[in-house]
Amino acid sequence: NGLRGGDTLVAKERLLSYRPTWYAARSDEEVLLEGLLRKRSRHLQAWRLRWAALTTQSLCFFEEPGHIQGVPTEHFKLSEVLGVALKDDGLLIRLPCWQCSLQFDEVAVAENWAECLLDCVDRCSR
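For clarity, every value in this text was computed on a predicted model and none was experimentally measured.

Chemist: Give me the packing of aromatic side chains: which residues, what numbers.
Modeler: Under the defined criterion, the tally for this structure stands at four aromatic pairs. Taking the centre distance of 6.5 Å and the plane angle of 50° together, the rings of Phe-61 and Phe-76 count as tilted. Residue Phe-61 is located in strand E5 (residues 58-62), and its partner Phe-76 is located in strand E6 (residues 74-77); the two are separated by 15 residues in the primary sequence. Feature note: the residues Phe-61, Phe-76 and Trp-98 constitute an aromatic cluster, connected by ring pairs. Between Lys-39 and the ring centre of Phe-61, over which it is positioned, the NZ or CZ distance is 5.6 Å.

Written out as structure tokens, the structure is:
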């Protein structure tokens with residue numbers, strides 16, 4: 001598909017269909033922003049290339065791009081986000097039990113994700 005890590009797309013197909021867990025019913029959520037990025041794994045702390053989809057309710061990470069997905073490698077509800085910090089080309093998302101670290105190829109892309117994420121978190125907290 002020619003995308004590099006950090007490339008971001010404003011979603012043309014507006015719905016992401018995925019299963020939050022193996023046992024959950026399929027969820028369909030409106031996609032606001034999506035793209036390739038690097039995410040530090042929760043347990044091994046290794047950087048991995050992931051397809052991220054920011055929806056009106058969640059931030060989901062998958063191994064491959066697409067709007068019809070199975071179970072994400074990681075996801076969380078935006079209502080769980082306690083804080084977002086932007087540093088250069090990286091984002092740190094603070095959650096109740098862990099911190100999600102993301103890295104982008106360009107500072108401008110990181111800033112765009114931070115702005116969208118903060119807007120969504122603010123809307124979820126109202």
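Chemist: Could you give an account of the side chain of Ser-101, naming the residues involved and the relevant values?
Modeler: Within the fold, Ser-101 resides in strand E9 (residues 99-103). Ser-101 gets classed as buried once you look at its relative accessible area, which sits at 17%. When sequence neighbours within four positions are dropped, the list of residues in contact with Ser-101 reads Arg-38, Lys-39, Arg-40, Trp-47, Leu-91 and Leu-92.

Chemist: Which residues make up the pattern of salt bridges, and what values do they have?
Modeler: In the structure shown here, the tally under the stated rule is five salt bridges. The residue Lys-77 makes a salt bridge to Glu-29 at a minimum N-O spacing of 3.6 Å. Of this pair, Lys-77 sits in strand E6 while Glu-29 sits in strand E3 (residues 27-40), and the two are 48 residues apart along the sequence. Lys-77 sits in the partly exposed class, given a relative accessible area of 31%. Residue Glu-29 is classed as buried on the basis of its relative accessible area of 1%. Taking the shortest distance from any N to any O, the salt bridge between Asp-105 and Arg-38 comes out at 3.0 Å. Separated by 67 residues along the polypeptide, Asp-105 in the loop between E9 and helix H1 (107-124) and Arg-38 in strand E3 bring together distant segments of the chain. Arg-38 sits in the partly exposed class, given a relative accessible area of 22%. A single salt-bridge network, built from bridges that share partners, covers Lys-39, Arg-42 and Glu-74.

Chemist: An account of the pairing of E6 is requested, with residue identities and associated values reported.
Modeler: On a regular strand, each side chain points to the face opposite its neighbour's, so the side chains alternate between the two faces of the sheet. Burial along E6 is one-sided: the face carrying Glu-74 and Phe-76 is buried and the face carrying His-75 and Lys-77 is not. For E5 and E6, the ladder comprises four bridges, and the chain directions are antiparallel. Looking across to E6, one finds that Leu-59 is bridged to Phe-76.

About the thresholds
- Residues numbered from 1 in each chain as written.
- Predicted model: local features only at pLDDT ≥ 70, side-chain atom pairs only at ≥ 80, totals over all residues.
- Heavy atoms only, no water.
- Phe/Tyr/Trp six-rings, centres within 6.5 Å; stacked < 30°, edge-to-face > 60°.
- Helix = DSSP H or I, 4+ residues; strand = E, 2+ residues; numbered from the N terminus.
- Lys NZ or Arg CZ within 6 Å of the ring centre and 35° of its normal.
- Buried < 20%, exposed > 50% of the residue type's maximum accessible area, 1.4 Å probe, protein only.
- Contact = heavy atoms within 4.5 Å.
- Salt bridge = Lys/Arg side-chain N within 4 Å of Asp/Glu carboxyl O.
- Pairing = 2+ DSSP bridges.

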